[in-house]
Amino acid sequence: MERVKNMTKKLMEEKQKADSRISELEQDIEAMKLKLEEVENEKTTLLTTCEEKEEEVEAITAENVEELKRIAELELEMENNIRVIDSNKNELHNLEQEKIHKEEKHTELEAKLKSFIEECMEMSAE
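If you're wondering where the values come from, they're calculated on a predicted model, not measured in any experiment.

Mapped onto the secondary structure, alanine 18 falls in helix H1 (residues 2-125). Put simply, alanine 18 and serine 124 are 106 residues apart on the chain and 152 Å apart in space, counted from C-alpha to C-alpha.

The subject of this paragraph is the pattern of salt bridges. Here the structure, examined in full by the defined rule, presents 8 salt bridges. A salt bridge links lysine 15 to aspartate 19; its shortest N-O distance comes to 3.0 Å. Highlighted residues: lysine 15 and aspartate 19, both in helix H1, separated by 4 residues, approximately one helical turn. By relative accessible area, which is 47% here, lysine 15 ends up partly exposed. In this structure aspartate 19 comes out as partly exposed when scored by relative accessible area, which is 38%. A salt bridge links lysine 99 to glutamate 103; its shortest N-O distance comes to 3.9 Å. Placement of both lysine 99 and glutamate 103 in helix H1 is noted, with a separation of 4 residues, approximately one turn of the helix.

Quick notes on the rules
Residues numbered from 1 in each chain as written. Predicted model: local features only at pLDDT ≥ 70, side-chain atom pairs only at ≥ 80, totals over all residues. Heavy atoms only, no water. Helix = DSSP H or I, 4+ residues; strand = E, 2+ residues; numbered from the N terminus. Salt bridge = Lys/Arg side-chain N within 4 Å of Asp/Glu carboxyl O. Buried < 20%, exposed > 50% of the residue type's maximum accessible area, 1.4 Å probe, protein only.

Scope: geometric values only; no functional claims are made or implied.
Right under this line is the structure:
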């Protein structure tokens with residue numbers, strides 16, 4: 001009988017240890033559930049933040065595309081303006097050359113007229 005009492009006592013101790021261990025494990029499980037919930041909440045927050053950032057990136061990308069189009073248009077306009085300037089420079093150069101030529105011709109004609117007038121004066125003096 002003593003032996004049965006000892007065995008019963010040992011079994012009760014083992015049961016108490018097992019119950020204690022089960023209680024610890026249940027507490028660990030609850031703590032893990034809470035941690036999992038925190039992680040899920042953080043995941044949701046991060047996903048929301050990512051979606052917001054993606055929308056920002058899309059908006060900025062759209063703005064950049066529009067800005068690049070505007071820059072391309074301005075570059076074309078600049079190229080056209082440069083062509084016009086080059087054309088005007090060429091025309092100005094041609095007009096300057098024409099002016100020089102006309103001034104030379106004018107000087108030549110003035111010299112001939114002066115010479116003609118002198119000849120006329122000499123003839124009329126005779």
